[in-house]
Amino acid sequence: MNRKLNFNAGPSALPLEVLQQLQDQMVDYQGEGLSIVENSHRGKSFDKLYHDTIDLVKELMNIPSGYSVFFLGGGATLQFGMIPMNFIPQGGSADYTRTGSWANGACDDAMKVRDVHVAFDGKSSGYSTLPDPAGITPSSGASYFYLCSNETIGGVQWKQWPETGSVPLIADMSSDILSRPVPVDKFSLIFAGVQKNLGPSGAALIIVKDEFLNTAADGLPSYLDYKKQASKEGLMNTPPVFPVWGVKLVLEWVKKHGGASGMEKRAEKKAAMIYDVMDRYDGFYSSPVDARYRSLMNIVFRLPDEDLEKLFLQNSAADGMIGLKGHRSVGGCRASIYNGVPEESVEALAGFMDEFARKHG
Ligand SMILES: *Cc1c(COP(=O)(O)O)cnc(C)c1O
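Every value quoted in this text rests on a predicted model; they were computed, and no experiment measured them.

Participant: Is there a simple way to explain the environment of Thr 164 in this structure?
Facilitator: Following the sequence through the fold, Thr 164 ends up in the loop between strand S5 (145–148) and strand S6 (169–172). Overall, Thr 164 belongs to the buried group, its relative accessible area being 8%. Distance in space between the C-alpha atoms of Thr 164 and Lys 186 is 8.6 Å, their sequence separation being 22 residues. Excluding residues within four positions of it along the chain, Thr 164 makes contact with Pro 138, Phe 145 and Leu 169. Looking at Thr 164, its side chain comes within polar contact range of the main-chain oxygen of Val 167, at 2.7 Å.

Below, the structure is given as structure tokens:
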């Protein structure tokens, strides 16, 4: 087996032992004589799998009582629309931070259905920085305050959370969920597409405070109705069975490796390997990102010119490293080093970057 060193932004690397468990159990799930993906989602087997997964999320994220946790299809993007439809009443408005592609996407979708107040716009800095959380005061009467904890494309990550007082705080944590401990009690709603840090694509994890849930709109079409979805724990219709199964196995793996704080230590160590090379060859590798907000998950960097970037990508690919091309909207290079990316892959990349800089710098 010759596995690539996988730096894909999403779907992205899963721990090898998770893939092997999926393979082992795919045809005959726990000796039942059929696959879990062939079985009824109303049956005992899936019911246990689903609730064990939710219990693991609650345990690993230290979620206090008074929160509902469930999975929905439609990825993170469905939440961009569902959230304003449910939580901003007609005539109301919410505060959004525009910090890069993903927060902007959510904000743009919200603007299609309700009024939005832009509380921060990183446009003038090319989305290379974030607002100082200490300086944030939400608008009075805002239905919620929205942020994206880690901009997957731009490579900026919130390190501290704003105090929003009585205004509910909502975060898209798709690309850094469970990569560090998070004080869930500060948030009224956290959501994450699972395909970066949690498992195979096809589902979103929802963590919502019940008190906030009570403010959701009535009368929306069933799938879009937050209260209805929560009351059925995301099992109103056929759930994304395979991704949830993968998430459960990833969560067990996270637990075995020290939970959220174990993941944080791993993430810090891995990110430091790459940022250290960038700092050592500053000028050859350059970061467009404000150093205070450098992401530990998505490391973006540029080389002196596009020809060198092309060569960098070619040579790294020849060494088995994939996924290092920056998003088409920003160019350059990006290494996504989520929970599932092994330390050895990152070490190999750091070594490659060092050698490449010495040769071409
Ligand atoms: C990938 C990503 C999304 C989009 O997720 P989908 O599941 O494809 O809808 C949204 N927000 C962030 C931060 C992401 O990284």
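Participant: Explain the nonpolar core to me, please; I cannot follow it from the model alone.
Facilitator: For soluble globular proteins, nonpolar side chains are generally found buried alongside one another. Phe 71, Tyr 144, Ile 207 and Tyr 226 are the most contacted members of the largest nonpolar core, which totals 82 residues. Sort the elements by how many residues they give to this core and helix H7 (residues 241–256) lands first, with nine residues. The two domains that each donate at least three residues to this core are domain 1 (17–256) and domain 2 (259–360). Membership of the second largest hydrophobic core comes to 29 residues, among which are Ile 299, Ala 335, Val 341 and Phe 356.

Participant: Explain the packing of H7 against helix H8 (residues 259–280) to me, please; I cannot follow it from the model alone.
Facilitator: A pair of packed helices is captured by two measures, namely the crossing angle of their axes and the spacing between those axes. Two elements in contact, H7 and H8, have axes separated by 7 Å at closest approach and are oriented at 75°. When the interaxial angle is binned, H7 and H8 end up roughly perpendicular. Across from Trp 253, Val 254 and Lys 255 in H7, the residues of H8 making contact are Gly 259, Met 263 and Arg 266. Residue composition of the contact of H7 with H8, grouped by class: three nonpolar, one polar and two charged.

Participant: How should I be thinking about the packing of aromatic side chains in this particular structure?
Facilitator: The description of two aromatic rings rests on the distance between their centres and on the angle between their planes. Summed over the entire model, instances satisfying the criterion amount to 21 aromatic pairs. With 6.2 Å between their ring centres and 75° between their planes, Tyr 285 and Phe 312 make a pair best called edge-to-face. Within this pair, whereas Tyr 285 is found in the loop between H8 and strand S9 (298–301), its partner Phe 312 is found in helix H9 (residues 306–318), the two being separated by 27 residues in sequence. No difference in accessibility class separates Tyr 285 from Phe 312, as the two residues are buried.

Participant: In this structure, what is going on with the site of the ligand? I would like to understand it.
Facilitator: Taken together, the neighbourhood of the ligand is formed by 13 residues, with Thr 77, Thr 152, Asp 172, Gln 195 and Lys 196 sitting nearest. Here Thr 152 contributes a side-chain N or O atom positioned 2.4 Å from an oxygen atom of the ligand. Within the side chain of Lys 196, one N or O atom sits 2.7 Å away from an oxygen atom of the ligand. Calculation on the ligand without its partners gives an accessible area of 390 Å², and the protein chains cover 87% of this total. Looking at the shell around the ligand residue by residue, the class counts come to four nonpolar, seven polar and two charged.

Participant: Can you help me understand the pattern of salt bridges in this one?
Facilitator: One side chain can pair with another of opposite charge once the charged atoms of both are near each other. Inspection of every chain in the model, using the stated rule, returns 15 salt bridges. A salt bridge links Asp 279 to Arg 294, with the shortest nitrogen-to-oxygen separation between them at 3.1 Å. Separated by 15 residues along the polypeptide, Asp 279 in helix H8 and Arg 294 in the loop between H8 and S9 bring together distant segments of the chain. When its relative accessible area of 43% is taken as the criterion, Asp 279 is described as partly exposed. Ionic pairing is found between Asp 354 and Arg 280, a salt bridge with its closest N-O pair at 2.5 Å. Of this pair, Asp 354 sits in helix H10 (residues 343–360) while Arg 280 sits in helix H8, and the two are 74 residues apart along the sequence. Since its relative accessible area comes to 52%, Arg 280 is described here as exposed. Here the residues in one salt-bridge network are Arg 280, Asp 354 and Arg 358, joined through shared partners.

Participant: Even after reading the chapter, I still don't get the domain arrangement of the chain, so can you show me in this structure?
Facilitator: Many descriptions give the size of an interface as the accessible area lost when the pieces come together. By domain assignment, the chain separates into domain 1 (17–256) and domain 2 (259–360). Between the C-alpha centres of domain 1 and domain 2 there is a distance of 27 Å. Both sides together, the interface formed by domain 1 and domain 2 hides about 2,000 Å², and carbon and sulfur atoms give 56% of it. The largest contributions to the domain 1 side of the interface with domain 2 come from Ile 153, Lys 159 and Trp 253, which together make up 24% of the buried area. Where domain 1 meets domain 2, there are zero salt bridges. Counting the contacts that link domain 1 with domain 2 gives 13 residue pairs in polar contact (both at pLDDT 80 or more). Element by element, the count of residues in the side of domain 1 that touches domain 2 is highest for H7, at three residues. Grouping the amino acids of the side of domain 1 that touches domain 2 by side-chain chemistry returns eleven nonpolar, eleven polar and six charged.

About the thresholds
Residues numbered from 1 in each chain as written. Predicted model: local features only at pLDDT ≥ 70, side-chain atom pairs only at ≥ 80, totals over all residues. Heavy atoms only, no water. Helix = DSSP H or I, 4+ residues; strand = E, 2+ residues; numbered from the N terminus. Buried < 20%, exposed > 50% of the residue type's maximum accessible area, 1.4 Å probe, protein only. Contact = heavy atoms within 4.5 Å. Polar contact = N/O pair within 3.5 Å; in protein donor to acceptor, adjacent residues only side chain to side chain. Core = buried A, V, L, I, M, F, W, Y, C linked by side-chain atoms within 4.5 Å. Domains from an automatic or database assignment. Axes fitted to C-alpha atoms, helices over the stretch in contact; angles between N-to-C directions. Parallel < 35°, antiparallel > 145°, perpendicular 65-115°, else oblique. Nonpolar A, V, L, I, M, F, W, Y, C, P; charged D, E, K, R; others polar. Phe/Tyr/Trp six-rings, centres within 6.5 Å; stacked < 30°, edge-to-face > 60°. Near = heavy atom within 4 Å. Areas by Shrake-Rupley, 256 points an atom, 1.4 Å probe, with all protein chains shown as cover. Salt bridge = Lys/Arg side-chain N within 4 Å of Asp/Glu carboxyl O. Buried area = accessible area lost by both parts, 1.4 Å probe.

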